[in-house]
Amino acid sequence: MKKSIVAVVFIFLVMLCAWYAALHTRISSKKTIADSAVSSIQNEQPHPADYWKDFVKPDDATLRTTLSPLQYKVTQEDGTERAFDNAYWKIEEEGIYVDIVSGEPLFSSRDKFDSGTGWPSFTKPIDTTVVVTREDTLLGATRTEIRSKIADSHLGHLFNDGPPPLGQRYCMNSAALRFVPKDRLEVEGYGHYLYLFQ
């Protein structure tokens, strides 16, 4: 009788192990397919830098006519818009934020958070290569200014009081940005960034 019980238990354990192995294989297979799909999306399109490598910044006269007075003041004269009175500080829609002058991609809504400051805030840029930093001492204290790499637009400042794990707060001016909703990325030539929302 004991041998029969042991045999039944053994058979049950063997079947359980076989079921677990099959389940693990199916999950791994689905993950591989998903990863391949994301990789495919990224590889199908040219690298974003290719779109803007030949960008030529318009002259000052053109910028004054194409930008609003506030956009010009912020991006070209290192100005700052009013807190809680700007376009994107509270927006929660999925999409990316691009430079108002050149259109170069800068930030993703996935990295946006409510900092309570009244300006759109991000934990990081889409890629560290899309922005440049400069030391800013205009207000008598040393701050880290953030500018777009290609158009050289003043965007805002970087502070070290953001949420973990990075602890960074990219405090940007809405006037320096243009928001492209997720469902418009492909149409407007930003299809490369759809992988951010998979």
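Everything that follows concerns the structure shown earlier in this document.
Residues numbered from 1 in each chain as written. Predicted model: local features only at pLDDT ≥ 70, side-chain atom pairs only at ≥ 80, totals over all residues. Heavy atoms only, no water.

K.L.:
Tell me about the sheet that holds strand 8 (residues 169-172), and please be specific about residues and values.
P.N.:
The strands that make up a sheet pair up through hydrogen bonds in the backbone, lying either parallel or antiparallel. Pairing in this open sheet of 6 strands is antiparallel, and the strands run 3-4-8-7-6-5 from one edge to the other. Where the open sheet ends on each side, the last strands, each with one partner, are strand 3 (112-113) and strand 5 (131-136). Here 4 bridges tie strand 6 (residues 143-148) to strand 7 (residues 154-159), and the two strands are oriented antiparallel to one another. From the neighbouring strand, T144 faces strand 7, where its bridge partner is L158. (Pairing = 2+ DSSP bridges. Helix = DSSP H or I, 4+ residues; strand = E, 2+ residues; numbered from the N terminus.)

K.L.:
Describe the side chain of E145, with residues and values.
P.N.:
Looking at the element boundaries, E145 is found in strand 6. Among the polar contacts listed, one links the side chain of E145 to the side chain of H154, at a separation of 2.7 Å. (Polar contact = N/O pair within 3.5 Å; in protein donor to acceptor, adjacent residues only side chain to side chain.)

K.L.:
Describe the environment of Q198, listing the residues and the values that go with them.
P.N.:
Mapped onto the elements of the fold, Q198 is located in the segment after strand 9 (177-181). Only 3.2 Å separates the side chain of Q198 from the backbone oxygen of L194, close enough to count as a polar contact.

K.L.:
Help me get a handle on the packing of aromatic side chains, residues and values and all.
P.N.:
Scanning all chains against the criterion turns up 7 aromatic pairs. Aromatic pair Y88 and F179: ring centres 6.3 Å apart, planes at 50°, arrangement tilted. Of the two residues, Y88 is situated in the loop between helix 4 (69-77) and strand 1 (95-99) and F179 in strand 9; the sequence distance between them amounts to 91 residues. The class of Y88 is buried, set by a relative accessible area of 15%. For the pair Y97 and F179, a centre-to-centre distance of 4.9 Å together with 45° between the ring planes defines the contact as tilted. Of this pair, Y97 sits in strand 1 while F179 sits in strand 9, placing them 82 residues apart in sequence. Comparing Y97 with F179, the two get one shared label, buried. Aromatic ring contacts, followed pair by pair, group Y88, Y97, F107, F122, Y170 and F179 into a single cluster. (Phe/Tyr/Trp six-rings, centres within 6.5 Å; stacked < 30°, edge-to-face > 60°. Buried < 20%, exposed > 50% of the residue type's maximum accessible area, 1.4 Å probe, protein only.)

K.L.:
How would you explain the pattern of salt bridges if you had to name every residue and give the values?
P.N.:
Two side chains with opposite charge may pair up if their charged atoms get near one another. Going through the model one piece at a time under the given rule, you end up with 13 salt bridges. Residue D60 is joined to R64 by a salt bridge in which the shortest nitrogen-to-oxygen separation is 2.8 Å. Of the two residues, D60 and R64 are both situated in helix 3 (residues 60-66); the distance of 4 residues between them amounts to about one turn of the helix. One salt bridge connects K182 with E94, and the closest N-O pair in it is separated by 3.0 Å. Here K182, found in the segment after strand 9, pairs with E94, found in the loop between helix 4 and strand 1; they are 88 residues apart in sequence, far enough to count as distant. (Salt bridge = Lys/Arg side-chain N within 4 Å of Asp/Glu carboxyl O.)

K.L.:
Run through the sheet that holds strand 9, naming residues and quoting values.
P.N.:
Overall, antiparallel pairing links the 3 strands, which are arranged 2-1-9 in an open sheet. Since the sheet does not close on itself, it has two edges, and those belong to strand 2 (105-108) and strand 9, each with one partner. The average angle at which neighbouring strand axes cross in this sheet is 30°, direction not considered. Relative to strand 2, strand 1 is paired through 3 bridges, and the arrangement is antiparallel. Across the sheet, the residue bridging to V98 is P105, located in strand 2. (Axes fitted to C-alpha atoms, helices over the stretch in contact; angles between N-to-C directions.)

As far as function goes, none of this settles anything; it's purely spatial.
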